[in-house]
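# Architecture at a glance
The chain contents come next:
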Amino acid sequence: MKFSRRTFLKTVGVASAGVTAAATMPERFLSWAEESAEAGVKLVPTFCELCFWNCGLIARVENGKVVKVEGNPLSLRGRGRLCGRGNAALGALYDPDRLKYPLINTGTRGAPVWKRASWDEALGVIAGRMEKIRKEHGPEALALFSHGTGGAFWKHLLKAYGSSNYTAPSFAQCRGPRDTGFLLTFGADVGSPEYYDFDNSRHIVLLGSHLGENAHNSQVQDVVQGLARGARLTVVDPRLSNIASKADDWLPIKPATDLALLLAWIRIVIVEELYDREYVGKYATGLEELGAAVAEYTPEWAEKETDIPAETIVRIARDLGKSAPHVCIGAGRYAVWYGDDTQRSRAIAILNALLGSWGREGGYYLPVSGGVPEYPGLPEYPHSEGVPRLDEAYPFASLQTTTSIRQASITGKPHPVKGWFVYGCNLMKTMPDREETIRALANLDLVVAIDVLPVDMIAHADVVLPECTYLERYDNLSVGKFKELEISLRQPAVEPLWESRPSWWMTRELGSRLGLQAYFPWKDGEEYLARRCEAGGVEFAELKKKGVIVRSGGASPYIVPGSEPTFDTPSGKIELFSKQLQEKGFDPVPKYTRHPQPPQGYFRLLFGRSPLHTFSRTTNNFLLADLQKENSLWINSRKGRELGLKDGDTVQLETSAGVTSPGTIRVKLTERLREDAVYLYHGFGVHAAGMTRAGNRGVGDDELIAKPTVDPIMGGTAMRTTFVKPVRRG
Ligand code: SF4
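Notes on the structure follow. (Residues numbered from 1 in each chain as written. Predicted model: local features only at pLDDT ≥ 70, side-chain atom pairs only at ≥ 80, totals over all residues. Heavy atoms only, no water.)

As a further point, take helix α16 (residues 434-442). Buried within α16 we find Glu436, Thr437, Ala440 and Leu441. Buried residues along α16 cover an arc of 140° about the axis, so they all sit on one side. Facing away from the buried side of α16 by over 90 degrees, the exposed positions are Glu435 and Ala442. On its buried face, α16 is in contact with α14 (402-411), β13 (419-423), α15 (427-430) and β14 (446-451). (Buried < 20%, exposed > 50% of the residue type's maximum accessible area, 1.4 Å probe, protein only. Helix = DSSP H or I, 4+ residues; strand = E, 2+ residues; numbered from the N terminus. Arc of directions from axis to C-beta. Contact = heavy atoms within 4.5 Å.)

For the rest of this paragraph, the subject is the packing of helix α5 (residues 151-161) against helix α17 (residues 503-513). Two measures define how a pair of helices packs: the angle their axes make with one another and the distance between the axes. Interaxial distance between α5 and α17 falls to 8 Å at its minimum, and their mutual angle equals 15°. Considering the angle they form, α5 stands roughly parallel to α17. In terms of crossing hand, the pair formed by α5 and α17 is right-handed. Two secondary-structure elements touch here, α5 through Phe153, Trp154 and Leu157 and α17 through Ser503, Trp504, Met506, Thr507, Leu510 and Gly511. Looking at the contact of α5 with α17, its residues break down into six nonpolar, three polar and no charged. (Axes fitted to C-alpha atoms, helices over the stretch in contact; angles between N-to-C directions. Parallel < 35°, antiparallel > 145°, perpendicular 65-115°, else oblique. Left-handed = near helix turned anticlockwise from the far one by under 90°. Nonpolar A, V, L, I, M, F, W, Y, C, P; charged D, E, K, R; others polar.)

Under the criterion given, the structure shown has 56 salt bridges. A salt bridge links Glu121 to Lys115, with the nearest nitrogen and oxygen atoms 2.5 Å apart. A residue is classified by how much of its surface remains accessible, and Glu121, at 31% relative accessible area, is partly exposed. Note that Glu272 and Arg318 form a salt bridge whose closest N and O atoms lie 2.8 Å from each other. Here Glu272 is found in the loop between α8 (258-271) and α9 (277-283), whereas its partner Arg318 is found in helix α12 (residues 310-323), with 46 residues between them in sequence. Residue classification places Arg318 among the partly exposed positions, given a relative accessible area of 44%. Within this structure, Glu49, Glu467, Arg473, Asp475 and Arg490 form a network of salt bridges that share partners. (Salt bridge = Lys/Arg side-chain N within 4 Å of Asp/Glu carboxyl O.)

And the structure:
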């Protein structure tokens, strides 16, 4: 079926109806739950972990087996719906490739020989080496890399042990620059999930963000609502993504020039006085300096840089001015592109500020305050005095970067790092420059991997701890700050399979072997959660029954008379000109620098998300692998034909730095991509023994990115700077 904007909006009608119906469903669901229980069917509300969005779901359990999952209508992040990945929960739970028992590596890192171990033996080995590291190098020599809800328990263990070195690839390899750019401008980041008020927008602008393929459940529903209500949509992307195909304007920008477009828009908004004078006058500082700094970025100059016609640039800027403040220039999510990403994100923040969209209907809403306190009565964490920060080189890194831990593991500077816990993140695929990661691993005294699947990282661990899936465990609470506060509970629908265990148990057991029992007083996961709820005034029995409790904050999510906003910046205002950046030697207003373009015969490697997969975490899922087994290489049809390629041809990729992909990928010729770039879905190119469905399928961008440029402001690793060419083999 041809999917036009019209049919899309017809579907929107159905979607909206679904959302309305969902709002009236909870009571029905609850009585249904009781009836079903009588009939011998158990319905267990919990939340999804097939991506970080944490949508509420209800697991249907028959004869001790989960047979189906459905969206929980009470969930703000799902609203009664699950995305394609979320619906494949059974493929995660019943994956025969899952890690089943603790394993000890009797071979070497990278060439493991596995010995099945008891929990007692595995935890004993880990605790022994942790004690040795603490004695020889101090507690700060231990680091944690984590991704996912259970990471909170490992962070707690690390802090109780005495280390502050916890990190997540989601900062320096993903959204760090945009959070830093917004923090520097507004004194607040954009949240996760983001505080976009898309459903009330009159004009939405997305830059390099492919919502829909990036299937963030409620956010996709919000965009759909916004479009149904008549919002304009502008998508800036070298590729005609699915969302770009629904846009009023698709701007196929020359890669690496987004900042030029943003600076030209900022200039037009100032010169033509399209900005919100009252808002900027009241809440912002630095307009004059900003105006002077962007004076050179004319639309005609931007046309030459970006390949977008000057009149289009002007027309869209004027339309944004007309729709302000109900406009949302999206901050994106994956933002580590070219190395000046904090400044690009600053430019997005500044444009939003000029249009007055922060704290305004249809722009960025102000999230509810509050939360749920931590477990009460725990001892203070120990602090090591005088230990230098690993991220000294990146003055605005608001979170520890993965790469500085890797660097300290190699050099021992500014202090040694000798042990890694890797929870739920496949570092072999999430961190660029794999050789460097392997060099760091070689220097360590302890590598522990905690995961559900035998991902690529496992082969480099000394000890592997099998975690049970999100359908088999109590976990930390998921507390979402939206216009309302959403508290979601994860609870087991079924018992853990094989010998897998939850993180609350593993960390408590390790804690007790390390003499840290006082930090882990809970009897079990349920008691841990019940005490937290009790401390926060949350009715635990109700949460268990419903899975989600939503609390209204009372205050308006928008700036209204009498609710003046505060900005946590040095000036207490929105900083269009940043003295903080200036004092540290950075440009106080974003400045355009031209990035290298692909050499003759090469293409810029772009990558993004498949709507059916969450990176390499789901490529082994038998339900999802059935739908998409491997990725393909998008290449412009004309360029592809010029190279003698046709649809379905198998090629390897070779970079201009001489790296060749270990695997092959099929060619997909398309008109939906510029001629200077190729595109593939991220998460493929898995080479882990034991991942029987994902193994050796397609090519991973991570296999090709070597020596990435680093954002000097916050340490993000730029990953759109690799140039490749397809090479036929055989
Ligand atoms: S967006 Fe999809 S995969 Fe992510 S939590 Fe929601 S249902 Fe699960």
